[in-house]
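Chain residues, written in single-letter form:
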Amino acid sequence: MVRMSAEERRESVIRAATIEFARGGYHGTSTEVIAKRVGVSQPYLFRLFPGKKAIFLAAAQRCMEDTIRTFAEAAEGLEGDEALHSMANAYTKVIAERPELLMMQMQAYVAVAAAEQEGDHEFGTDVRDGWMRLWDTVHLPLGADVDDTTTFMAYGMLVNCLVAMGFPPGHRVWEGLYPSARIKGRLEH
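Residues numbered from 1 in each chain as written. Predicted model: local features only at pLDDT ≥ 70, side-chain atom pairs only at ≥ 80, totals over all residues. Heavy atoms only, no water.

Draft legend 1. Summary view of the overall build of the protein. When helices and strands are tallied, the protein shows eight helices and zero strands. A compact globule built from 189 residues should have a C-alpha radius of gyration of about 16 Å, and the protein, at 18 Å, falls within 12% of that. Counting only C-alpha atoms, the protein reaches 50 × 35 × 35 Å along its principal axes. Looking at the protein residue by residue over its 189 residues, the buried ones come to 43%. For the protein, the centre of its 20 positive side-chain charges and the centre of its 26 negative side-chain charges are spaced 11 Å apart. (Helix = DSSP H or I, 4+ residues; strand = E, 2+ residues; numbered from the N terminus. Rg over C-alpha atoms; globule rule 2.2 N^0.38 Å. Buried < 20%, exposed > 50% of the residue type's maximum accessible area, 1.4 Å probe, protein only. Lys, Arg positive; Asp, Glu negative; His and termini not counted. Charge placed at Lys NZ, Arg CZ, Asp CG, Glu CD.)

Shown next, in the form of structure tokens:
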């Protein structure tokens, strides 16, 4: 049996944490359940990460980076409406195929609000920095137009909310969205 390197094990922790935090949120997910999913002990988990917050932030950052990469690849060589529809199609495909990424995003937003109320402002800064990289990734292909970027991101958040609440493709709530922002096919939960 081949042993995993610490970096490979760290990657497996981030993947497992994404799934578990997506399901249970920051406060509702124990490091024990993450360690169990990975197949390591909690002490080993804490040799890879200094604590639960670091694990959550690594999962949130990975989720954001995956979304940024999705948008960047979809918009490559495109601009304006072509970029907009390509990014929307790519994103709706990703969240339909990997719902844990959407739910991890939503959990990150909730965790920031909770941390801010507890006086932890560093937590929010890290998540907001990732979100701003996401904003910048879509801003340029959309012609660096603030109104177009805001509209695109607003539609994206609406899509996030509708998918998170389980509205199926074809439901009337999707009718007002441009076709590339609509979820296609059956959603997996």
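From this point, the narrative continues.
Draft legend 2. Quick peek at unusual backbone geometry. Positive phi, close to 55°, is recorded for A144, a residue that is not glycine. We classify A144 as partly exposed; its relative accessible area is 40%.

Draft legend 3. A negative patch on the surface, seen in detail. A contiguous patch of negative charge, built from E79, D81, E82, D147 and D148, is present on the exposed surface. Elements that contribute at least two residues to the negative patch include exactly α5 (80–97) and α8 (146–164). Tracing the chain through its elements places E82 in helix α5. Assessed through its relative accessible area of 56%, E82 is described here as exposed. (Patch = residues over 30% accessible without salt bridge, like charges linked within 9 Å, V, L, I, M, F, W, Y side chains within 5 Å. Areas by Shrake-Rupley, 256 points an atom, 1.4 Å probe, with all protein chains shown as cover. Salt bridge = Lys/Arg side-chain N within 4 Å of Asp/Glu carboxyl O.)

Draft legend 4. Local environment of the pattern of salt bridges. Applying the stated criterion to the full structure yields 11 salt bridges. Residues D66 and R98 are paired through a salt bridge, measuring 3.9 Å at the closest nitrogen-oxygen approach. Taken as a pair, D66 in helix α4 (residues 52–75) and R98 in the loop between α5 and α6 (99–117) lie far apart in primary sequence, 32 residues in all. With a closest N to O distance of 3.1 Å, K93 and E97 form a salt bridge. Within this pair, K93 and its partner E97 are both found in helix α5, separated by four residues, close to a single helical turn.

Draft legend 5. Looking closely at the side chain of R9. Here R9 is to be found in helix α1 (residues 6–24). Among buried charged residues, R9 stands out as having no salt bridge; its nearest opposite-charge side chain is E8, 8.0 Å away. Here R9 is in contact with M4, V38, V40, Y44 and L48, once residues within four sequence places are set aside. (Contact = heavy atoms within 4.5 Å.)

Draft legend 6. Representation of the side chain of N160. Its location among the elements puts N160 in helix α8. Given a relative accessible area of 2%, N160 falls into the buried group. Apart from the residues lying within four places of it in its own chain, the contact partners of N160 are Y91, I95, L102, Q105 and M106.

Draft legend 7. Region of the structure containing α6. Over its 19 residues, α6 extends 28 Å from the first C-alpha to the last, a length consistent with the 27 Å expected when each residue adds 1.5 Å. What α6 keeps buried is the set L101, L102, M104, Q105, M106, Q107, A108, A111, V112 and A115. Along its buried surface, α6 packs onto α1, α4, α5, α7 (121–139) and α8. Immediately beyond the C-terminal end of α6, within one or two residues, lies G119, with a positive phi of roughly 90°. (Expected span 1.5 Å × (residues − 1).)

Draft legend 8. Fine view of the packing of α1 against α4. In contact at an axis separation of 9 Å, α1 and α4 are set at 85° when each is read in the N-to-C sense. As judged from the angle between their axes, α1 and α4 are roughly perpendicular. Counting all contacts with α1, which are made through E11, V13, I14, A17, T18 and F21, the residues of α4 involved are K52, I55, F56, A58, A59 and R62. Looking at the contact of α1 with α4 residue by residue, the classes come out as eight nonpolar, one polar and three charged. (Axes fitted to C-alpha atoms, helices over the stretch in contact; angles between N-to-C directions. Parallel < 35°, antiparallel > 145°, perpendicular 65-115°, else oblique. Nonpolar A, V, L, I, M, F, W, Y, C, P; charged D, E, K, R; others polar.)

None of this, on its own, says anything about what the molecule does.
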